[in-house]
Amino acid sequence: MKFIDEFRDKGIAEGLIRKIRKTCTRPIQLMEVCGTHTVAIFRYGIRGLLPEHIRLLSGPGCPVCVTPNKDIDLAIALSRQKDVIIVTFGDMMKVPGSTSSLQKEKAEGRDIRIIYSSLDALKIAKENPERRIVFLAIGFETTSPTIAVAMLQVKEEKIQNLFFLDSQKRVPPALRALLQSKRLGIDGLILPGHVSAILGTKPYQFISKEFGRPAVITGFEPLDILQGIWQLIQQIEENRAAIEIQYRRVVREEGNPTARSKIYEVFEEDEGIWRGLGLIPNSGYRFKESYKWMDAKNFDVEVEPTREHPECLCGEVLQGIKSPLECRLFKRVCHPENPVGPCMVSIEGTCHTYYKFQ
Amino acid sequence: MCLGIPGKVVKLEKNVAKVDVGGIVRDISIDLCPDVSVGEYVLIHTGFAIQKIDEEEAKETLELLRKMAGAI
């Protein structure tokens, strides 16, 4: 078993679509929270296969897209310090800050390096003891434990020149904010498979208990997504609301407690600022006392005042309120080579996905 | 960003596993999945195994899907 091809079987997919069409009797709106789901849904043409009365909305599940401008501006200001090396996941390079981007700064000669894993940052720090290394720590619960492991190793190996610019986010509080929003009617949630591999089902229970909505933790292959949609429709038709796991081969009820314990060794929950959604209580982290020295926000640098493009609709696109097609900039001014907002930058951003597949 | 790819553990050395990903063997941290064994599959995210993949569950899901798809 390869755990990929088997879940792309055309015959089974056709059977599932027939079943979905037959079972779903009323108009419903489902939100796929995760950007990886959005890409898979477009890549496999799933929207076009569903009946018209099942509407899929794309949510805020792209860590690059929800990083606020002021954090990008700070990263840019830090990159201009002579002794600083910025290390980052590749997706962050093109994200426009108020007047520049890391890619533009790199072209100007700043030392900005793309890494694949948080552990690569440790290696760069050891190889450059005379420089200060700043790792742009972005990501959801899938990535946060890997950042925490790097921080634990910094402490253990007494590395003194690796710092973290934290813009990580926690997914469940953002879902609460979305469900509280009166502008969106969400009948069910397709929950992110890999965030949930860490979290398990418990942090999502409020979705069914407090908001009466069903939610299904779903994998990323086409059959996973169709089965996830099918499980949601079944719950809606039966007037049930539970947190179910479709992606059973990877997600356990209890999640990954080892990974969660790493996060909470170094961080405490704190408010988080999301592009588009604003300040959400408990949706971010702050450094625990003995790790505070690693916080790159302590650096003494001057950051330019934050500015956003007045016509960019990323904020509303992230909440599922508007489609990229409603944005005046989409395809005209804003495209992957010249992105105005972060949703066009990230390969998992909703605007980028629409541009590529629609 | 939350991409994960499956791979098979072929060797273990302390907290690093040699993992076969589609024929290419890579070093993967098992700090987040310490109880993994040789021969098991793991889900890899940014150089870390973040969860074991349960082959039995995968087979059950596929079996269920086949039945559902054929039941109409």
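All values reported here derive from a predicted model rather than from experimental measurement.

### Comments concerning the sheet that holds strand β9 (residues 243–245) of chain A
Note on sheets: strands pair through backbone hydrogen bonds, and any given pair is parallel or antiparallel. Residue and element names in this part refer to chain A. Overall, parallel pairing links the five strands, which are arranged β2-β1-β7-β8-β9 in an open sheet. Only two strands of the sheet have a single neighbouring strand rather than two, namely β2 (54–61) and β9. Sheet twist, expressed as the average angle between the axes of neighbouring strands with direction ignored, equals 25°. One ladder, built from three bridges, connects strand β1 (residues 28–34) with strand β7 (residues 188–192); its direction is parallel. Among the inter-strand pairings, M31 is bridged to a residue of β7, identified as L189.

### Observations regarding helix α2 (residues 35–43) of chain A
A turn of α-helix holds 3.6 residues, and therefore any two residues three or four places apart point the same way. Residues and elements named next belong to chain A. Here α2 lies mainly inside the structure; seven of its nine residues are buried. Every buried residue of α2 is listed here: G35, T36, H37, T38, V39, A40 and I41. In the stretch just after α2, G45 is the one whose phi turns positive, near 65°.

### Considering the domain arrangement of chain A
Residue and element names in this part refer to chain A. Taken domain by domain, chain A holds domain 1 (5–63 + 171–245), domain 2 (69–168 + 255–298) and domain 3 (314–357). Taken residue by residue, the interface counts seven residues in domain 2 and 11 residues in domain 3. The class makeup of the residues in the side of domain 2 that touches domain 3 is three nonpolar, one polar and three charged.

How each quantity is defined
Residues numbered from 1 in each chain as written. Chains lettered and ligands numbered in written order. Predicted model: local features only at pLDDT ≥ 70, side-chain atom pairs only at ≥ 80, totals over all residues. Pairing = 2+ DSSP bridges. Helix = DSSP H or I, 4+ residues; strand = E, 2+ residues; numbered from the N terminus. Axes fitted to C-alpha atoms, helices over the stretch in contact; angles between N-to-C directions. Buried ≥ 20, exposed ≤ 12 C-beta atoms within 10 Å, placed from the backbone. Domains from an automatic or database assignment. Contact = placed C-beta atoms within 7 Å. Nonpolar A, V, L, I, M, F, W, Y, C, P; charged D, E, K, R; others polar.

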